[in-house]
Amino acid sequence: MSASVAIQVLPAAENDQELCRMVDEVIAYIQSTGLRYEVGPFETTIEGDDYNQLMDIVKECQHVAVRAGAKKVSAYIEVAYQPDGEILTIDQKIGKYQK
């Protein structure tokens, strides 16, 4: 694994129910990519070997939220990238804490 991103998508929504619906659509899109991902209470982490693919996914998450009805989208993104090596995977980082 040479890259991972953590993305928190915050669509502008009228209420919490709408916010959750829009975020659910973003997560469904992430799931459709076929990459390994982990949903957390604040962000979703995605890992892969193709840095450009991960950046395209990050961009598309904003578009998905807008198509879901968001007038505005804020996103917070963290990136770990090592082009000539391996980074720690999701399982290596938090596996021991999973039930």
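In what follows, the structure referred to is the one given above.
Just so it is clear, the structure is predicted and the values come from calculations on it, not from any experiment. (Residues numbered from 1 in each chain as written. Predicted model: local features only at pLDDT ≥ 70, side-chain atom pairs only at ≥ 80, totals over all residues. Heavy atoms only, no water.)

Right, let's get into the state of the cysteines. The tally for this structure, following the rule as stated, stands at zero disulfides. The cysteine Cys 20 is free of any disulfide, with Cys 61 supplying the nearest cysteine sulfur at 16 Å. Residue classification places Cys 20 among the partly exposed residues on the basis of a relative accessible area of 45%. (Disulfide = S-S within 2.5 Å. Buried < 20%, exposed > 50% of the residue type's maximum accessible area, 1.4 Å probe, protein only.)

Moving on, we get to the nonpolar core. If you look at the biggest cluster of nonpolar residues, it comprises 17 residues, and the most contacted ones within it are Ile 7, Val 26, Ile 30, Ile 46 and Cys 61. Secondary structure elements with two or more residues in this core: β1 (3-11), α1 (16-32) and α2 (51-67). With six residues, the top contributor of residues to this core is α2. When residues no more than four places from it in sequence are discounted, the contact partners of Ile 7 are Ile 30, Glu 43, Thr 44, Ile 46, Val 58, Cys 61, Gln 62, Tyr 76 and Ile 77. (Core = buried A, V, L, I, M, F, W, Y, C linked by side-chain atoms within 4.5 Å. Helix = DSSP H or I, 4+ residues; strand = E, 2+ residues; numbered from the N terminus. Contact = heavy atoms within 4.5 Å.)

A cluster of nonpolar side chains, Ile 77, Val 79 and Tyr 81, forms an exposed patch at the surface whose accessible area comes to about 270 Å². Given a relative accessible area of 44%, Val 79 falls into the partly exposed group. (Patch = residues over 30% accessible without salt bridge, like charges linked within 9 Å, V, L, I, M, F, W, Y side chains within 5 Å. Areas by Shrake-Rupley, 256 points an atom, 1.4 Å probe, with all protein chains shown as cover. Salt bridge = Lys/Arg side-chain N within 4 Å of Asp/Glu carboxyl O.)

Okay, the pattern of salt bridges next. As enumerated under the stated definition, the model contains six salt bridges in all. Between Asp 91 and Arg 36 there is a salt bridge, and its shortest N-O distance comes to 2.6 Å. You can see Asp 91 sitting in helix α3 (residues 90-94) and its partner Arg 36 sitting in strand β2 (residues 36-39), a full 55 residues away along the chain. In this structure Asp 91 comes out as partly exposed when scored by relative accessible area, which is 47%. Accessibility expressed as a relative area gives 31% for Arg 36, which makes it partly exposed. The closest approach of N and O atoms between Arg 67 and Glu 60, which form a salt bridge, is 2.6 Å. What makes Glu 60 partly exposed here is its relative accessible area of 23%.

Now for the environment of Val 26. Inspection of the secondary structure assignment puts Val 26 in helix α1. Distance in space between the C-alpha atoms of Val 26 and Gln 62 is 8.1 Å, their sequence separation being 36 residues.

Let us look at the packing of α1 against α2. Close contact between α1 and α2 brings their axes to 9 Å; oriented N to C, the two are set at 145 degrees. Two packed elements cross with a definite hand, and for α1 against α2 that hand is right-handed. Judged by residue contacts, Met 22, Glu 25, Val 26, Tyr 29 and Ile 30 of α1 engage Asp 56, Ile 57, Glu 60, Cys 61, Val 64 and Ala 65 from α2. Tallied by class, residues from the contact of α1 with α2 come to eight nonpolar, no polar and three charged. (Axes fitted to C-alpha atoms, helices over the stretch in contact; angles between N-to-C directions. Left-handed = near helix turned anticlockwise from the far one by under 90°. Nonpolar A, V, L, I, M, F, W, Y, C, P; charged D, E, K, R; others polar.)

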